[in-house]
Amino acid sequence: MNKLVYKLTTAVSTAALLTGSVASVAFGTTTVTISGNGSDSDNTSNVSVNRSTSIYQTNTANIQNNVNIDANTGNNDANDNTGGDVEISTGDANVSSSVSNSANSNVASVGCGTCDGDTNVKISGNGTGSDNDANVGLNSVTKLVQKNVADVENNVDDDAKTGKNDAEDNTGGDVTIDTGDADVKVDVTNEVNQNVASVSGGQGGDVDVEISGNGSDSDNTVNLGINSLTDVFQNNYADIQNDIDVDAKTGKNDANDNTGGDVEIKTGDADVEVDVDNKANFNGLDLSDCDCEMDLAVKVAGNGSESNNDANIGLNSA
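These figures come from a predicted structure and were not determined experimentally.

Asker: Would you take a moment to explain the pairing of strand β9 (residues 131-161) for this structure?
Answerer: Note: strand β5 (residues 42-72) against β9, 31 bridges, orientation parallel. When the sheet's bridge partners are listed, Asn-59 is paired in β9 with Asn-148. Across 31 bridges, β9 lies against strand β13 (residues 219-249) in parallel orientation. Paired with Asp-158 across the strands is Val-246, a residue of β13.

Asker: I keep staring at a negative patch on the surface and nothing clicks. Help me out?
Answerer: Together, Asp-85, Glu-87, Asp-174, Asp-262 and Glu-264 make up a negatively charged patch on the protein surface. Checked against the element boundaries, Asp-85 lands in the loop between β5 and β6 (86-89).

Asker: Can you walk me through unusual backbone geometry in this structure?
Answerer: A negative phi holds for most residues other than glycine; trans holds for most peptide bonds. Backbone geometry at Asn-75 places phi at a positive 65 degrees, although glycine is not the residue there. Position of Asn-75 among the secondary structure elements: in the loop between β5 and β6. The backbone of Glu-306 shows a phi angle near 60 degrees, a positive value even though the residue is not glycine. Positionally, Glu-306 belongs in the loop between β16 (291-301) and β17 (308-317). The exposure class of Glu-306 is exposed, given its relative accessible area of 70%.

Asker: In this structure, what is going on with the environment of Gly-284? I would like to understand it.
Answerer: Mapped onto the elements of the fold, Gly-284 is located in strand β15 (residues 270-286). Sequence spacing of Gly-284 and Ala-197 is 87 residues, and the spatial spacing of their C-alpha atoms is 6.2 Å. Excluding anything up to four places from it in sequence, Gly-284 contacts Asn-195, Val-196, Ala-197 and Gln-234.

Conventions we followed
Residues numbered from 1 in each chain as written. Predicted model: local features only at pLDDT ≥ 70, side-chain atom pairs only at ≥ 80, totals over all residues. Heavy atoms only, no water. Pairing = 2+ DSSP bridges. Helix = DSSP H or I, 4+ residues; strand = E, 2+ residues; numbered from the N terminus. Patch = residues over 30% accessible without salt bridge, like charges linked within 9 Å, V, L, I, M, F, W, Y side chains within 5 Å. Areas by Shrake-Rupley, 256 points an atom, 1.4 Å probe, with all protein chains shown as cover. Salt bridge = Lys/Arg side-chain N within 4 Å of Asp/Glu carboxyl O. Lys, Arg positive; Asp, Glu negative; His and termini not counted. Charge placed at Lys NZ, Arg CZ, Asp CG, Glu CD. Buried < 20%, exposed > 50% of the residue type's maximum accessible area, 1.4 Å probe, protein only. Contact = heavy atoms within 4.5 Å.

Here you go:
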């Protein structure tokens, strides 16, 4: 007995929560027997078993975020005062905006469908001059398609202002402008388009073909084909546009034309922190277990004189 091992080759096209799981369903036992038929008989057995498994996972996301934030404690006026101290003291202007987009994830687990059960084909004990044909076809197709399309547009406009204060034309006393801090923090995260596929196989059955004990001048033919196709297609398309406009201002303060006393302008800090993280278009494919091992035994023996005996066997995977 010969050990036949064949490994699937898979067509993969690569350009990231919908889940699908399909168990590997092997063909059951297939038995074909042509035996004990009389002389000059014409005996034909045609067996065709076909199975197709198709999985289509498609996602489309169109995301548009528009964030417009304005924090302003400035733009204060203390002008034309006479006598006494003049003071402008602003508080802090703090702005924090966070945008997080997550879309389009496909996860599929599917069996190769190529590990067939036991297959037994036997032509034996038929009479002289008989014509015996056994045609057996076992065909399986597994198709997995994962597609993602994402169009993400983030528009963030943040302003924090404590400045643009005026203390002008004051007479007598001290003039003070003291602004708070202007802090802006922007966090944008986009995660789109992920495909993960796991395609597995398993242990196959035994294949036994026997042509034996047929009479003289008989014509005996076995045509056996076991064919499988596994096709995995993963495609991603992402169009991500980040438009970030951030302003933090504590300046543009005026203390002009004041008479008498001290004049002081003291501004706080202007801090800006922007974090943009784009993750797109990830494909993962696991074919590590997509194998089949099948035991193959072919026997042509003990047939009569001038008999014509053919065993044609094809095991194909793609």
